[in-house]
Amino acid sequence: MESQDQDAVESSEPASAPASGEENVESANIQEENPEVSAKEVTKSQDEDTVESSEPASAPAPGEENIESTSIPDKTPEVKDTVEGEGETKLDETLPSASEDEDLAAVGEEEKVSSPKVEVKESPRGEVFNETEETAADGDADLQQPHIDGEPQPSPEAETKESKVNAEEPTPGKTVEADVLAENEEGNEGSINSEDNQSQRGQSVEGKEDAVAEDDEASEKPPSKSTEDRPNSESETDSAKAEHKDQAQKMEGDNEEDEEEDEETKQAKKKKIPDDFYYEYEDLCSKPFVTPESEIPQSLLHLTHSFGYDCTKRGNLQLLDDSTLMFVAGNVVVILNLKTKEQKYLRSSSGGGIATVVVHPSKMYFAVAEKGIMPNIIVYEYPSLRPYRILREGTEEAYSSVAFNNSGFLLASVGSSPDYMLTIWNWSQEQTLLRSKAFSQDVYKVTFSPENEEQLTTSGTGHIKFWKIATTYTGLKLQGLLGKFGKTSLTDIQGYVELPDGKVVSGSEWGNMLLWDGGLIKVEICRKGGKTCHNGPIHQFMLEEGELISVGADGAVRVWDFEAIDIADSKDDSGLFEIEPMNELVVGKNVSLYSMVKTSNTDQFMCYAQDANGAIWKLDLSFSNMTQDPECLFSFHAGNIQGVDVSPSTHLMATTAHDRSVRIYDYVDKREVTLTRFKQGGTFLTWAPRVVNPKGGLITVGFDDGVVRLLEVYDPKGLTLVAGRNSSSDAEIRLKQAFKPHTAAVTAMAYEKNGELLATGSLDNTVFLFSVGDRYEAIGFVKVPGPVRELVWSPPTHEKSTLLILCENGHVVEILPPDPEKQDTVSTFELKNISMKHFAFRSIKSKIMRERAIIQREQAREKREKEKKERLRKMEQLGQEITEKDLQDDPEVEEEPLPDIYIPETPSRILCGFYSEPGQFWLCLGEYDCGFLYHCKFSEQQDNVDPSKRQDEPFTYIELDNACDDPIRNFHFSSNRQLLFCGMYSGAVRVYTVEAGDVTLKSLLCYWQLSLHDNHYGHIQRLRCSFDDQFVVTTGEDGNIFILSLLPQEDIDRALQKRKAKIPSPRSDLEKDRIVDDIEDPNAYSIENAKQKMEMDRMIKEAEEKKAIKRKLLAKLQKEFKQLLLKNKDLPEHVQFHRAEFELDPRIREETEKSTAQRIRLVRKELAWEQEKQRIGLQKLQEKFLNKVKWNTIVVTAFKSQHQVTTYRLMALSEKYHTMKNKVLHKGLDDLDRRKSKLGEVAKESGGSDATGERHQANEDLLLKPGSHISGVQLVGRQAEKLQKAIEKAEKAKAKIERRKKEWEALYARKPDENYEDPADVHALKEAYDSMGDFKLKTAKDFTVPEHLRMTPEKKRRQLVILEQQMYDAKSEINSKVLALRDNKIACIDQIRRHVEELKNMQANMEPSKRLPLPKLPSLLPQEVPERKMQYTEETLIAYKETLSKKKGHSTNAETSEHFSGFGGFAGGKAEQTEGVPTPDTAETEEGSQSSSLQTPSEPQESTLTDLEIEILQAEEIKNLYMQKHLLEKVEDIMMKFDAELRLLRHQKMQLDIGVKMADLRHLTLYEELLLLKDFERRENTLQEKVNSRIEESMLMTRKLEECSALMDVKKRDIAKLLEREKMVHTSFQSQLGENNKFVKFLTKVFKLKVKRVKKEVSEEDEDEESDDESLEESSWGSEEDDSESETGALDLSTCPPNCDPDIFENTIQLREKRMDIEEALTEEKKIADNLKKENDSIAKKLKVVNASLKAAEAELELFQREKQQKLNELIVVVPLRLHQIEFVNNVSLPNDLSQALIFTNQALTQLQQRIQELHVEKVNQWDLYKKARQQHVQLNRDRRDMETKIQMLQEKSKQLMQLKFGRVVDLQALQVVSVNRNVEEMKEKARVNEVIFAREMEAWEKKIWEMKMQQAEVTRANTQKLDELNSMLMQKAQLEEQLDARQKSLGKQFHGKPQAEIEERQRLIELVEMQAQEIEILQDEIDLLSRKGGHILPPAQPPNV
């Protein structure tokens, strides 16, 4: 190590060491855990590390020293631009040079704390900028330093302090992920300069050794696996803060020393890590954590062996050499020697787990990628297993994949969630070269390309990404291209392989291979017939010697042709390429291969494969005659191990898992002894104690389906030797007993302490108890409130034996075992009267937290009081004066609110528990309530309390260290109960020391802990201790089994030399026992269900027996009753009882009938579903087999021969056929007219504007139509009739004019153009020119396929449809004829039957000797009426039922009698007999019987007959003989005619059979042609669409050209009109001047003057085309204006000169304005005309180009048609010919080869010969027709000239007549259509009606005015009366005043002044008079107003004050 230290000091390259931030945090942890270590020593070590490292050490931000111990700071990388033009940058050039050291030394570290992250991204210029994920709050902006070129620029003060602790004030910080470049999923570039690694990762070797030393000090810490193991920043003590503050002050004092050492650091960085440098494994590996100051040795447990294998981990099998395998098992790497089966173990460095491993291409090294917080990648040397290099800070939590490149110099790693970081390492120098985010979801794999090491590939969840190391002006970067799936479904990609040419082959979830090229899927590869390459995902690919090997989850290894896959391409739109494997190897049935590694042996292609079902296979992939079969080297449990237990007497253990296996291990000898497999997975296992089985050979196993099996383990060597028995195995497992107590998985089992009872618990909320013996007998079960988690029997120290049942939902139940003899299990096994206690856990964790907070506050308050008292005491001692301020209480510190009391809605799960004392127990819970051990007891109040509503709280608790998020899942005590082994949720094993007899667990303080299983998914399921307490066994959900020893290996070996594991010997009667029947059906009845089923069957059986007895009694009574009825019938009639008298009581019968009817309804209801089911089944059968048959096979047979004629069995044409028929026919027509329709659409577009104009015009005509109504008034009476006649007359004239106009238009439309040619003639000429002399056959190479003969798939389908329809119609027609023939036969049989009846009647009167034999009456055979097979009646069904009953051996007589006879025989009577339709056979039998039963009439006595009677008889006899002969002949004739018709129809059907066969051959040919055409369809459609598009373009260009030409013509006419108007203006000007005008020149100058005019507003479209020049162009006489300027220069052109006529001047000005308007319009029109001309030329050029491309497309299509025709010609067509039809002979013999023959019909040949004659005749006829047409043409020209002369004369005459009559030429058509305007007439009528209405309204208003005037007079009269009264009152007032004055004068003498009261009264009266006067005035105004108007009177504005 001293030499290494020297090398480390002199080295220039940074060596890998724990990050500085890690060192600081670890040192803080050391301080807390080891108080003897002072803060000063830690600070010193940190300072030394800082000085000696290649870059400043990272330290926590001020005030945040106690952040999570596992958080390691990222460092900001430096981005250095490379100079362009220097060439490609290589990876070896990325190491720092001497010139770069200054830049590297200037880079500081960023602070990392648990706050929002800052990602460093690259700007478009290559610079790096910060992108903050979350905005910092409350002053965080101060932490954001300015960045230049991606490098943080520290302040001058911070340059020396940035990497040191500054603990003055706590400051929030940010997590800086400076080495992460955010990259989106689309494949954007994301990289960091390779030179960043020097400032980011470098540290000296000496720094490494310091880190190792710190690792030694920190090795006693618990492993960093979860947040609960890390110290909490909130719990930091004041003393720790002070220590950190001292550290910061010391480090600030050392700044100057650091600056002096910077130069030395730069020099040290220049050196590389020596190749011979190694780390010490013991210094790196994680070690157990031991509670400080405890006496527990660190070597308490040792890992001795691992029986597990994490078979579901990706790529978890590596090959170090041909005899050494390596894989990961939990927290260790297992190195397995295949020859010796020896295992070596490497532990992880962090204790957080191991993610993946990979081997160096040279096999000299291998890399171990770990898990945890900022995990490492450790590279080990092989075979020394020494740590060689450590790669740090490549990801945040765990690696998912690592890979070396082919040369082995680089290593790529991919992290898992949350960062998914892809990192390229120079691993030998522990440097990061490039980094980028790989994807936003899980990445499964990363690899380098074997051909190009600058290319990488990653794949994972729903993606694959292709990477390239690119050289940019900023350095090397990783550029990623995300693969696009396109039409292929998105899939997870597990495996892939890079091909030499850059393509990539990957797998898919459904088993096909995907070929990637350029980031896109080129083709999807499958097997023939669309089968997948593998049945499931493909996990790995290998490329070996031109062969591609795929490894699939279906257990198959397939070899594919590499070259075929490399050039694979899809032939159609499906995107599939079909290929079959060259070789394949199916390893096994239940095998799922995950990965495969190849040996280095070149002689044999041997591989080792990882099986996800728990095996390692050896595969021989040589595929030769000597290929070995697959060999299973090792077998492990697959997945979660559910149960484990150890033998109570020897070193054996048993395990079971969901993989349906039970295994026995010898953990001392480190081997698997035996295993057995079952149909269901195991869920729990327990080894029977020795009190149950003294030999220790009985295992009890619970399974998924609720079955419990007792298994015996024994040594087969102890059995008697029998021939054929193989006893080579060490142990065997035999089933002793199987029973099923539960309906769900068994989760717990436990034996009672005395071994007398076995308890089993399940997820079905039941616990079953069994009595233990030679056979286990069921006692009964109890129901519990939830799924059973664990069963615990009371320990032997307890007096009573009780069972503690722990349920997952928080309930605990305690039961006393019942007495088996007192239990009644006849009807059920449920235990009713059993003592049970319940406990429902109620959370107290929130209460605990609240109490702690209260205590902490009280302590803080007491502390403040003590400090205050101490301060006052010191002041008194110092003699200082104590003021009131000092005595005052300190201000209350604002405290946070206390935690709320929280009770989870769903109780936390109980994980484990055990008894402490009787009625008391300890519980460990998960979820919210984890972190504590709760001591609980059952409440005494158990009665009358619903267990589901109970809420019980623990009475005490114990807090567990570091268990808040890592609860205990399993307990197990050692035999002396001094060690408590705990299995943790994180996969760690924890061991507590417990004092003997400590039931309260007060001594549960110190513990030992070691991580074994995977920290993420390796939760410990079971943990057991061996019988001698020397070994501990742990099993986890990761499938691993670890054996730990309590003693060192040497002591164990020494102790076990004489005591090895012993297999129990077999029982003495084992061989005599029969094989036990196992329960293999998972749906088998459980014990209770079987009991209930048995009880139900017993009850049903008893009920059936009672019913049978009742039926027998009823049958006996019925028999007696029938006998009584018979006896009654034999009695005389007057003595007989009537039927009604047998009825004792009518109510009994009524009740019986009612109950019977009710039972019938009930039975119908019960059978309704079955009836409907049968009906639907019958309906489906009919729809399947009958309804689809349109014509069934009917065979009609002749009467007198064996000739037959049959129908065709035809299925009805399906809806699919009709749909296809309609689609094909319509689509075929559409295809024929597609070109025309498209051209029509173009024409419609061109005529769209005209059509729109016509519609508008039609709408206007409709609005202006005379007959249309615009108001609701209608004319009636004579006026309406007159108006109607006028309108009708006008309408007739208008219709006549319109009709004449249409006739003229039709006539002109039919007028041919002078150059018109008949299309039929043109087509005939073209066809003649094309076919003249062209005798090519279709087989000719230059044959041109005519357009109408070009065949397409749609046309071929149409031919198929038509052919099928024709065949169907022909067969239907012949079937109809056969059916009619059968109907005719039925009619013939009826006629024959009638004739035979007549013959019978006739022969009855004839002598037997004269009777001729009667013809046999024919009948219809069954094949002639097959439809009768499906006709059935109720009797038919009953007979069928009786037949079935007879077949089963059951008699139905009793049921039949019961069915037809009711109670007492009254309800039934006889059954109704239905008359069936007699069959022909029965009719024939009846006829025969009637014929045989004819009796011979008695011959009359001749003596008694007269001659007349004899003569009459003779005549009748002659008549009968004639009629007999006639009828027999008629019957014979009927039969012969029918047979003739049948033979004729038979001949027709035979002809049709020939045609049908020919049609079938034709159908086959058409189908082959259709298949061929479908292959050409895609190309043809493409070419046809190309031609159609060219045609459309051509038509569009032609239309545009025509439109442009039309517009040009319009513009030419407009220009001509404008020129004409201009001339007219000039003429007007000259005419107004007159002769001898003095001002001619002046006015001419004014007229020609060019005036600048204001530009008119133009539209936006015209503004772009107009120029900015506002001046007008010069007119045609602009030059003359300049000439005359000198002459008139003295006159003002804007004013009229003296002596000039002002009118002429003003007219001149107006004419000038008109002239200028015309010139402007003319200029604009010319400009438009020029543009149109240019556009016309452009369109013409485009049209030429389009026509050329059209010709090329048509030529290409023609070539394609020839190719298609040649392929069609190659098809073989069957043409049956007779020999006389063949005329192809050679030398009067038929040649053997007829390939050169042409099949031609005689009819067609005859037609060709006749056509020659017809053409000669046609030629002569055409010549004669031409002569006649020539003469007719001359005559028509003569007639046309005569008609034109006549029309001109008539027009002149018409004009003269109009001048005479109207004085001018008028439009006669307009004159004729002039009619009365209905609207005007209606408006007039409306005006007249309105006048009448208004007159009436005026009269009403005048009447109202008169009434108002009368009212006004009345009001005036009333007011006048009031005025008179007022006047009289005023007069009386005056009199009173006079009297008052007189009286006052007489009284005034006595007083010198007026009294005050009189004065006030006087004043009041005056005011009253004035107010009345105002009222009078107002009333007067109202009267005046009413007299003038009759309206309402408004109230006064202001009412007078009273």
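What counts, and where the lines are drawn
- Residues numbered from 1 in each chain as written.
- Predicted model: local features only at pLDDT ≥ 70, side-chain atom pairs only at ≥ 80, totals over all residues.
- Heavy atoms only, no water.
- Helix = DSSP H or I, 4+ residues; strand = E, 2+ residues; numbered from the N terminus.
- Contact = heavy atoms within 4.5 Å.
- Areas by Shrake-Rupley, 256 points an atom, 1.4 Å probe, with all protein chains shown as cover.
- Patch = residues over 30% accessible without salt bridge, like charges linked within 9 Å, V, L, I, M, F, W, Y side chains within 5 Å.
- Salt bridge = Lys/Arg side-chain N within 4 Å of Asp/Glu carboxyl O.
- Axes fitted to C-alpha atoms, helices over the stretch in contact; angles between N-to-C directions.
- Parallel < 35°, antiparallel > 145°, perpendicular 65-115°, else oblique.
- Left-handed = near helix turned anticlockwise from the far one by under 90°.
- Nonpolar A, V, L, I, M, F, W, Y, C, P; charged D, E, K, R; others polar.
- Expected span 1.5 Å × (residues − 1).
- Bend = angle between axes of the 7 residues up to and from the residue.
- Pairing = 2+ DSSP bridges.
- Buried < 20%, exposed > 50% of the residue type's maximum accessible area, 1.4 Å probe, protein only.
- Phe/Tyr/Trp six-rings, centres within 6.5 Å; stacked < 30°, edge-to-face > 60°.
- Lys NZ or Arg CZ within 6 Å of the ring centre and 35° of its normal.
- Core = buried A, V, L, I, M, F, W, Y, C linked by side-chain atoms within 4.5 Å.
- Polar contact = N/O pair within 3.5 Å; in protein donor to acceptor, adjacent residues only side chain to side chain.
- Disulfide = S-S within 2.5 Å.
- pLDDT = per-residue confidence, 0-100.

A. Structural view of the overall build of the protein chain. Helix and strand counts for the protein chain stand at 34 helices and 67 strands. Relative to all contacts within the protein chain whose residues are 6 or more apart in sequence, the contacts with residues 24 or more apart total 64%. Approximately 118000 Å² of the protein chain is accessible, and the part contributed by carbon and sulfur atoms is 52%.

B. Seen up close, a nonpolar patch on the surface. A cluster of nonpolar residues, Leu1337, Leu1798, Phe1800, Leu1805 and Leu1808, forms a patch on the protein surface that exposes about 480 Å² of accessible area. Position of Leu1337 relative to the elements: it lies in the loop between helix 21 (1319-1331) and helix 22 (1353-1403).

C. Spotlight on the packing of helix 26 (residues 1507-1633) against helix 27 (residues 1640-1648). Two elements in contact, helix 26 and helix 27, have axes separated by 11 Å at closest approach and are oriented at 155°. In terms of orientation, helix 26 and helix 27 fall into the roughly antiparallel class. Between helix 26 and helix 27 lies a crossing of right-handed hand. Along its contact with helix 26, which presents Val1625, His1626, Phe1629 and Leu1633, the element helix 27 presents Val1640, Leu1643, Thr1644 and Phe1647. Counted by class, the contact of helix 26 with helix 27 contains 6 nonpolar, 2 polar and no charged residues.

D. Molecular detail of helix 26. In a regular helix each residue adds 1.5 Å, so 127 residues correspond to 189 Å; helix 26 covers only 152 Å between its end C-alpha atoms and thus falls short of that length. Along helix 26, the sharpest change in direction is near 50° and occurs at Phe1576.

E. Region of the structure containing the sheet that holds strand 33 (residues 593-598). Within the open sheet, the 4 strands sit side by side as 33-34-35-36. Their pairing is antiparallel. Strands with a single pairing partner mark the edges of an open sheet, and in this sheet they are strand 33 and strand 36 (631-635). If you compare each strand with its neighbour and ignore which way they point, the axes differ by 25° on average. When strand 33 meets strand 34 (residues 606-611), the two strands line up antiparallel, connected through 5 bridges. Opposite Leu593, over in strand 34, you have Asp611 as the bridge partner.

F. The pairing of strand 30 (residues 556-561), seen in detail. With respect to burial, strand 30 is a largely interior element, 5 of its 6 residues being buried. Connecting strand 29 (residues 547-552) to the antiparallel partner strand 30 that follows it, the hairpin turn spans 3 residues, and Gly555 within it adopts a positive phi of roughly 80°.

G. Up close: the side chain of Asn1375. Structurally, Asn1375 can be placed in helix 22. Sequence-distant contacts of Asn1375, defined by excluding residues within four places in its chain, comprise Trp1191, Thr1207, Tyr1208 and Leu1210.

H. Expanded view of the packing of aromatic side chains. Per the counting criterion, the structure on display carries 37 aromatic pairs. Ring centres 6.2 Å apart and planes at 15° place the aromatic pair Phe1642 and Phe1705 in the stacked group. In this pair, Phe1642 sits in helix 27 while Phe1705 sits in helix 30 (residues 1702-1769), placing the two residues 63 residues apart along the sequence. According to the relative accessible area criterion, Phe1642 is buried, its value standing at 3%. Taken together, the ring pairs connect Phe739, Tyr751, Phe768, Phe770, Tyr776, Phe781 and Phe829 into an aromatic cluster. The side chain of Arg709 reaches across the aromatic face of Phe703, ending 4.5 Å from its centre. Sitting over the ring of Trp1901, Lys1904 keeps its end group 4.6 Å from the ring centre.

I. Inspection of the pattern of salt bridges at higher detail. Applying the stated criterion across every chain, the model contains 56 salt bridges. Here Glu1569 ties to Lys1356 by a salt bridge, and the two come within 2.4 Å at their closest N and O atoms. Taken together, the positions of Glu1569 in helix 26 and Lys1356 in helix 22 put the pair 213 residues apart, joining distant regions of the chain.

J. Main features of the nonpolar core. Within the largest apolar cluster, 35 residues are counted, with the highest numbers of intra-cluster contacts made by Leu301, Ile616, Phe981, Val989, Val991 and Trp1008. Broken down by secondary-structure element, the contributors of at least two residues to this core are strand 9 (324-329), strand 10 (332-337), strand 58 (979-984), strand 59 (988-993), strand 60 (1007-1011), strand 61 (1020-1025) and strand 63 (1041-1045). Grouped together as the second largest cluster of nonpolar side chains are 27 residues, Ala1198, Leu1381, Ile1392 and Leu1542 included.

K. Structural context of unusual backbone geometry. The amide bond that connects Tyr382 to the next residue, Pro383, takes the cis arrangement and shows omega of 15°. Going from Ser417 to Pro418, the amide bond is cis rather than trans, its omega being 10°. Note that Pro418 resides in the loop between strand 17 (411-415) and strand 18 (421-426). Despite not being glycine, Glu293 shows a phi value in the positive range, around 60°. On the secondary structure map, Glu293 appears in the loop between strand 6 (289-290) and strand 7 (302-306). Among the residues examined, Glu293 registers a relative accessible area of 79% and is labelled exposed. For Leu1001, which is not glycine, the phi dihedral falls at a positive 60°. Tracing the chain through its elements places Leu1001 in the loop between strand 59 and strand 60.

L. Focus on the pairing of strand 19 (residues 431-437). Taken across its 7 residues, strand 19 has 6 buried, putting it largely inside the fold. Here strand 18 runs beside strand 19; their pairing, made up of 6 bridges, is antiparallel. Directly across from Ile424, in strand 19, lies its bridge partner Leu434. Linkage of strand 18 to strand 19, two consecutive antiparallel strands, is achieved through a turn of 4 residues, within which Glu430 is found at a positive phi near 55°.

M. Fine view of the sheet that holds strand 10. Pairing in this open sheet of 4 strands is antiparallel, and the strands run 8-9-10-11 from one edge to the other. In the strand order of this sheet, the two ends are held by strand 8 (318-321) and strand 11 (343-347), each with one partner. When the angles between neighbouring strand axes are averaged without regard to direction, this sheet yields 25°. Taken together, the 3 bridges between strand 8 and strand 9 define a ladder with antiparallel strand orientation.

N. Examining the environment of Ser916 more closely. Inspection of the secondary structure puts Ser916 in strand 53 (residues 910-917). We classify Ser916 as buried; its relative accessible area is 9%. For the pair Ser916 and His798, spaced 118 residues apart in sequence, the C-alpha to C-alpha distance is 9.6 Å. In contact with Ser916, other than residues within four places in its own chain, are His798, Phe921, Trp922, His935 and Val999. A polar contact is formed between the side chain of Ser916 and the side chain of His935, at a distance of 2.7 Å.

O. Here's a closer look at the packing of helix 22 against helix 26. For the pair helix 22 and helix 26, interaxial distance at closest approach is 8 Å and the crossing angle is 170°. Here helix 26 runs roughly antiparallel to helix 22, going by the angle between their axes. Looking at the contact of helix 22 with helix 26 residue by residue, the classes come out as 28 nonpolar, 9 polar and 16 charged.

P. Broad picture of the side chain of Ser1594. Note that Ser1594 resides in helix 26. Judged by its relative accessible area of 11%, Ser1594 is buried. Sequence-distant contacts of Ser1594, that is, excluding residues within four places in its chain, are made with Leu1743, Val1746 and Asn1747.

Q. Up close: the environment of Tyr1017. Its place among the elements puts Tyr1017 in the loop between strand 60 and strand 61. In this structure the C-alpha to C-alpha distance between Tyr1017 and Tyr985, which are 32 residues apart in sequence, comes to 8.8 Å. In this structure Tyr1017 touches Asp310, Lys313, Lys371, Glu1037 and Asp1038, once residues within four positions along its chain are discounted.

R. View of the state of the cysteines. Taken as a whole and assessed by the stated rule, the structure comprises 0 disulfides. The closest cysteine sulfur to the non-disulfide-bonded Cys533 is located on Cys526, 6.5 Å from its own sulfur. Take Cys533: its relative accessible area is 0%, and that puts it in the buried class.

S. Fine view of the confidence of the model for the protein chain. Residue-level pLDDT values for the protein chain average 77, and 75% of them are 70 or greater. This model gives residues 1450-1503 a pLDDT under 50, and the stretch forms 44 contacts once residues within four places in sequence are excluded. With pLDDT under 50 throughout, residues 1989-2002 is counted as low confidence; its partners more than four residues away or in other chains account for 7 contacts.

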